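# Tertiary structure, described
As a plain string of letters, each chain reads:
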Amino acid sequence: MRVLVVGAGGREHALCWALAASPLLTKLWCAPGNPGTAQVAENVAIGAADVAALVAFATAQRLDLVVPGPEAPLVAGLADALGAAGIACCGPSAAAARLEGSKSFCKEVCDAAGIPTARWERFTDADAARAFVRRRGAPIVVKADGLAAGKGVVVAASVAEAEAAIADFMQARTLGEAGASLVIEECLIGDEVSLFALCDGTHAIPLGAAQDHKRVGEGDTGPNTGGMGACAPPPVLTPALAAAAMQRIIRPALAELARQGTPFRGILFAGLMLTADGPKLIEFNVRLGDPEAQCLLPLLQSDLLAALLAACDGELGDFALRWRPGAALAVVMAARGYPGAYLHGTPIGGLDRAAAVPGALVFQSGTDMRDGQLVAAGGRVLTLCGSGVDLAAAHAAAYRAAAAIAWPEGFYRRDIGWRALAAE
Ligand code: AMP
Ligand code: GLY
């Protein structure tokens, strides 16, 4: 099998690492990739959102499968264009990717399918949005309808904060057209977990669950980030709750999209709030999470490539994934200043020593090679993943690996897994 992974982050490094172990693989590429993916795949200098160039490459190389990491190329129609060229893509069509690309579309699917989620309304008028917020009171959640790279959600503790978000998103257009329409919704209370399912249009099978740590600061404080660490499996998501979420959230969404004539193929990521009334959907994403992928894929025992091919062929009906026993924990190292402004180009060392820690894996995100030296080239730069017999062992391996990295301009949270460790 000739396979291309699309993207350049730690999630894509973990995907390449898992696919490289498949006995079905003959050649692996990554576009554009990073120095980490170059260790297990051949990097191709094509941007992750350059649909035309990706399709041309896939056609010229007679690829058997394309595996998109991020959502942008899917929302832009990569799976449709590859399909038209006769190339399998383990990701949804642009129509089905609207589950992530449009928050109001996601909510409409939830309502049509009876999926438990926060009560919501959509607004295209700022005065009407403000009146609604004043009527409802705080806490309340204001969301830009379109894609906003994780910056489009304000969980407002006061009416004033919600009104400020309406002014920023809709009137100042701080997120561009993504804020032309807003979804304003009820604030859900509970533990948050990320649940993944591999889907073939008709069937969905569980692809694991993880707990992300979105805030930059210890104790879950400070601004939101793309994710500062993750652990799996999350003790709060009991097997019964996971089964309930598959039954009440994942499968109804799949059935509704199929009914609309836009079946979902690929990885469906449900951000869940485990409320007193059971799991409720916060949002759908149409891909793996980053850093969730870096701690889920090391736990997968089955051949990832075989599973992704089965999803493309509509053959997940009697497919079951096998998992290694134990747990994994991923710690993200970011450049000082992230998620605000940060320095580029600072040298990073110690990766070999970190990778030599028993049970540890090093995945690269925002890195680059300059004159033979690995340097930081992004906000989130490395993910140190540890696995072990339980979360405590995984935690020890991940943090020993993090301590081996020589990068004074980097930082990481020291408390990844704190909720899960307390519950274990
Ligand atoms: P999103 O970009 O939709 O993942 O939202 C970012 C974060 O905002 C989520 O991970 C949640 O922590 C929080 N959030 C979003 N919607 C809600 C909600 N309805 N109630 C409580 N928290 C929410
Ligand atoms: N870590 C959350 C995400 O990938 O969206």
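Above this note sits the structure.
Residues numbered from 1 in each chain as written. Chains lettered and ligands numbered in written order. Predicted model: local features only at pLDDT ≥ 70, side-chain atom pairs only at ≥ 80, totals over all residues. Heavy atoms only, no water.

The next point concerns the environment of A377. One can find A377 in the loop between strand 20 (373-376) and strand 21 (380-388). Between the C-alpha atom of A377 and that of H344, which follows or precedes it by 33 residues, the distance is 5.3 Å. A377 has contacts with H344, G366, T367 and D368, leaving out every residue within four places of it along the chain. (Helix = DSSP H or I, 4+ residues; strand = E, 2+ residues; numbered from the N terminus. Contact = heavy atoms within 4.5 Å.)

What follows is about the packing of aromatic side chains. Enumeration according to the criterion identifies six aromatic pairs in this entry. Ring centres of F196 and F269 lie 4.6 Å apart, and the angle between their planes is 50°; this geometry places the pair in the tilted category. Placement of F196 in strand 10 (residues 191-200) and of F269 in strand 15 (residues 265-275) is noted, with a sequence separation of 73 residues between them. Residue classification places F196 among the buried residues on the basis of a relative accessible area of 0%. (Phe/Tyr/Trp six-rings, centres within 6.5 Å; stacked < 30°, edge-to-face > 60°. Buried < 20%, exposed > 50% of the residue type's maximum accessible area, 1.4 Å probe, protein only.)

Now for the packing of helix 6 (residues 103-113) against helix 9 (residues 239-259). Packed helices, taken two at a time, are described by the angle their axes make and the gap between the axes. The contact between helix 6 and helix 9 brings their axes to 9 Å, and the two run at 100°. Classified by the angle between their axes, helix 6 and helix 9 sit roughly perpendicular to one another. Here F105, V109, A112 and A113 of helix 6 come into contact with helix 9, specifically with P252, A253, E256 and L257. Here the residues of the contact of helix 6 with helix 9 are counted per class, giving seven nonpolar, no polar and one charged. (Axes fitted to C-alpha atoms, helices over the stretch in contact; angles between N-to-C directions. Parallel < 35°, antiparallel > 145°, perpendicular 65-115°, else oblique. Nonpolar A, V, L, I, M, F, W, Y, C, P; charged D, E, K, R; others polar.)

Neighbouring residues of ligand 1: 15 residues in total, closest E185, E186, L188, E192 and E283. One nitrogen or oxygen atom from the main chain of E186 is found 2.9 Å from a nitrogen atom belonging to ligand 1. Between ligand 1 and the protein, one listed contact pairs an oxygen atom with a side-chain N or O atom of E192 at 2.4 Å. Its free accessible area being 480 Å², ligand 1 has 89% of it covered by the protein chains. For the shell around ligand 1, the elements supplying multiple residues, two or more each, are strand 7 (140-144), strand 8 (153-156), strand 9 (182-186) and strand 16 (278-285). (Near = heavy atom within 4 Å. Polar contact = N/O pair within 3.5 Å; in protein donor to acceptor, adjacent residues only side chain to side chain. Areas by Shrake-Rupley, 256 points an atom, 1.4 Å probe, with all protein chains shown as cover.)

Once that is clear, we can look at the pattern of salt bridges. This structure, assessed with the given rule, holds 19 salt bridges. Across the salt bridge formed by D145 and R122, the nearest N and O atoms sit 3.3 Å from each other. Here D145 is found in the loop between strand 7 and strand 8, whereas its partner R122 is found in strand 6 (residues 120-123), with 23 residues between them in sequence. For D145, a relative accessible area of 7% corresponds to the buried category. (Salt bridge = Lys/Arg side-chain N within 4 Å of Asp/Glu carboxyl O.)

It is worth stressing that arrangement in space is one thing and function is another; only the former is reported here.
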